[in-house]
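Spelled out, the chains give:
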Amino acid sequence: MRQTTAQSPTPALGEWRRRRLIAAGFDETLAARLTRDGIVDLHELLVLLDRGCPPELAARILAPLDTPAAPS
Amino acid sequence: MRRPAVDTVRPVASEPAPRVAPASPAGTLDAESRRWLEALSGTGHARDEAIGRLHELLLRAARFEVSRRRLGLPYLRGGDHDDLAQQSADDALVAVLAKLADFRGESRFTTWVYKFALYEAAVKLRRRAWQDRELPLEPDSWPDIASRALSPEEHAAESELLGALRDAINDALSAHQREVLVAITLNDVPIDVLAERLNTTRGALYKTLHDARRKLRARLAAGGLDLTSNDAGHPR
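Residues numbered from 1 in each chain as written. Chains lettered and ligands numbered in written order. Predicted model: local features only at pLDDT ≥ 70, side-chain atom pairs only at ≥ 80, totals over all residues.

Draft legend 1. Structural detail: the overall build of chain A. Each helix and strand counted, chain A has four helices and zero strands in total. Listed by position from the N terminus, the elements making up chain A come as α-α-α-α. The buried share of chain A, reckoned over its 72 residues, is 29%. Residue pairs in contact within chain A that sit at least 24 positions apart in sequence constitute 47% of those at least 6 positions apart. (Helix = DSSP H or I, 4+ residues; strand = E, 2+ residues; numbered from the N terminus. Buried ≥ 20, exposed ≤ 12 C-beta atoms within 10 Å, placed from the backbone. Contact = placed C-beta atoms within 7 Å.)

Draft legend 2. Seen up close, the nonpolar core. All names here are of chain B. Counting residues in hydrophobic clusters, the biggest one holds 28 residues, and the most contacted among them are L54, L58, A62 and A117. If you list the elements that add at least two residues to this core, you get helix 2 (31-41), helix 3 (44-68), helix 4 (78-98) and helix 5 (109-130). Of the residues forming this core, the biggest block, nine residues, is contributed by helix 3. Not counting the four nearest positions on each side in its chain, L54 is found in contact with L40, L93, V96 and V113. (Core = buried A, V, L, I, M, F, W, Y, C linked by C-beta atoms within 7 Å.)

Draft legend 3. Quick look at the confidence of the model for chain B. All names here are of chain B. Across chain B, the average pLDDT comes to 81, with 79% of residues at or above 70. Mean pLDDT values for the elements of chain B range from 42 in helix 1 (residues 5-14) up to 94 in helix 3. Per-residue pLDDT stays below 50 along residues 1-15; that stretch engages in 22 contacts with residues further than four places along the chain or on separate chains. Below pLDDT 50 for its whole length, residues 230-236 participates in seven contacts with residues either more than four positions away or in separate chains. Note on the complex model: pTM 0.65, ipTM 0.80. (pLDDT = per-residue confidence, 0-100.)

Below is the structure:
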């Protein structure tokens, strides 16, 4: 799985990503956490959701291996 | 935000040169291209000097491309043009050095590297054009695809096809597939812009587009619609 480079998004981009995730079914807390650091591949998240994966599990699957899992 | 071009170049210059094994036999290269390759594949001051000259060349190419598109870029302010050209030249330089071994000598070396600068400039201009803009992920309206005078029968056939296509996009695709397809194919969002927004790769989006098109083709074929083109290039 592709690991993206950690790069904090601009506020506008972060907000756009957050709204995309909420529209796709992520709750607000999880969406905010996923978009805060700009690490997670949103496309892969949404592909997993398309295949029926619950949002929380999709987030865990795509969480970078080298960072501690945030409490859900 | 202006990036210092020289500072971004220097770390590349100080690193050891990658081993370069041009795909083209050395004997087929023109003398100037061979000199470029030898200098860039070398070490020390000669290589640093060649990298500096290469960056100047790329910067000229990037400035040319940005300037050529200037009239269509009302959103750019004065300093933005040179800033984009500098960024394009920097990234093109890194790309050229990484792909030096791929140079086949089918054109002059300077012609080959020019394309890197033009490509980087084009990508950056596209991204800038969409910066801070909302990406349309739903079709605003269905385009009028008919580009020629149609007979009543042809018009009816095309209307049927478009209706079936709209239904297939709504019913056969997953939510995210639909958004990607609509954004890129109907609303002309550049794929690299969408990839940047989603923090993903162009390849991942191409895969999704490919899957979506395959689904649509299968759905339309199942409905008895043949998408192969006739001699006039129109769907039958």
